[in-house]
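Each chain, written out:
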Amino acid sequence: ISLLMAVTLCVMSIATHLATESQLNLKYFFEVMVILQAYLICTVVSVEDFKRAFTNIMAVLAIISVAGFALRYIYPGIVNHIPVLTNLSDMQYGNLLLTTIPHDVMYVTFRNYGIFREPGVYQFFLNLALIFLLEKPNTFKSWQMYALLLAMVFTFSTAGYIIVIAILLVYF
């Protein structure tokens with residue numbers, strides 16, 4: 001990605017917002033900063049280093065999210081003792097910093113959300129990490145693979161299950 005492309009994306013983003021809303025606010029400058037930061041990361045970090053870091057981070061987050069999932073299952077009252085976050089859909093989550101727990105499971109199925117707003121989003125990142133991991137030789141018995149798969153199981157995401165089966169069929 002060239003600097004010209006990054007700047008073009010920023011200008012297009014701002015122009016689109018101006019054309020549709022006729023005013024700028026802070027969130028548009030945040031988008032510009034994200035695009036420019038992505039450009040800088042692409043120029044500094046190699047693809048292989050990114051894949052390795054992403055896989056390791058997701059594996060650690062998977063272990064933490066499974067622990068949070070288990071804690072919520074063993075001690076349901078935990079959500080009354082931790083800070084609560086409310087998302088844009090007015091769903092409340094207990095915040096354990098590196099994982100979240102749905103606050104009121106009467107309206108949602110008890111599933112592993114990880115740090116994401118829903119398990120379906122989490123499964124995408126778990127599967128992406130699994131693909132990056134399986135591209136390397138001799139990773140079948142790695143702790144990262146087992147952590148990613150265990151977290152995937154507890155998302156109870158049908159799409160996630162289908163995709164993980166397809167990934168495993170491709171790589172094995």
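A short tour of the structure in this document, coming up. (Residues numbered from 1 in each chain as written. Predicted model: local features only at pLDDT ≥ 70, side-chain atom pairs only at ≥ 80, totals over all residues. Heavy atoms only, no water.)

### Some remarks on the overall build of the protein chain
Tallying secondary structure elements over the protein chain gives 6 helices and 3 strands in all. Beginning at the N terminus, the succession of helices and strands in the protein chain can be written as α-α-α-β-β-β-α-α-α. Principal axes of the C-alpha set define a box for the protein chain whose edges measure 50 × 45 × 25 Å. By residue count, 33% of the 172 residues in the protein chain fall in the buried class. Within the protein chain, contacts between residues separated by at least 24 positions form 56% of all contacts whose residues are at least 6 apart in sequence. In the structure as shown, the protein chain presents an accessible area of about 10,800 Å², 71% of it carried by carbon and sulfur atoms. Within the protein chain, the 8 negative side-chain charges are centred at a point lying 10 Å from the centre of the 8 positive side-chain charges. (Helix = DSSP H or I, 4+ residues; strand = E, 2+ residues; numbered from the N terminus. Buried < 20%, exposed > 50% of the residue type's maximum accessible area, 1.4 Å probe, protein only. Contact = heavy atoms within 4.5 Å. Areas by Shrake-Rupley, 256 points an atom, 1.4 Å probe, with all protein chains shown as cover. Lys, Arg positive; Asp, Glu negative; His and termini not counted. Charge placed at Lys NZ, Arg CZ, Asp CG, Glu CD.)

### A short note on the sheet that holds strand S1 (residues 84-86)
Reading across the sheet, the 3 strands line up as S1-S2-S3 and stay open at both edges, with antiparallel pairing between neighbours. Each edge of the sheet is formed by a strand with only one pairing partner; in this case those strands are S1 and strand S3 (100-102). Strand-to-strand, the axes of this sheet are offset by a mean angle of 35°, without reference to chain direction. Looking at chain direction, strand S2 (residues 92-95) and S3 are connected through 3 bridges and run antiparallel. Across the sheet, the residue bridging to Gly94 is Ile101, located in S3. (Pairing = 2+ DSSP bridges. Axes fitted to C-alpha atoms, helices over the stretch in contact; angles between N-to-C directions.)

### A few points about helix H3 (residues 47-74)
Because each turn of an α-helix spans 3.6 residues, side chains separated by three or four positions in sequence point in the same direction. The end-to-end C-alpha distance of H3 is 40 Å, a good match for the 40 Å that 28 residues give at a rise of 1.5 Å each. Taken as a whole, H3 has its buried residues at Lys51, Phe54, Thr55, Met58, Ala59, Leu61, Ala62, Ser65, Val66, Gly68, Phe69 and Arg72. (Expected span 1.5 Å × (residues − 1).)

### What about the side chain of Ser157?
By the secondary structure assignment, Ser157 is in the loop between helix H5 (143-155) and helix H6 (158-171). Not counting residues within four places of it along the chain, the set of residues in contact with Ser157 comprises Arg111, Gly120 and Gln123.

### Brief notes about the pattern of salt bridges
Per the counting criterion, the structure on display carries 4 salt bridges. Where Lys51 meets Glu48, a salt bridge forms, and the shortest distance between an N and an O atom there is 4.0 Å. With Lys51 and Glu48 both in helix H3 and 3 residues apart, the pair spans about one turn of that helix. Since its relative accessible area comes to 16%, Lys51 is described here as buried. (Salt bridge = Lys/Arg side-chain N within 4 Å of Asp/Glu carboxyl O.)

### Description of the environment of Thr139
Positionally, Thr139 belongs in the loop between helix H4 (119-134) and H5. Residues within four places of Thr139 in sequence aside, it is in contact with Leu133, Leu134 and Met145.

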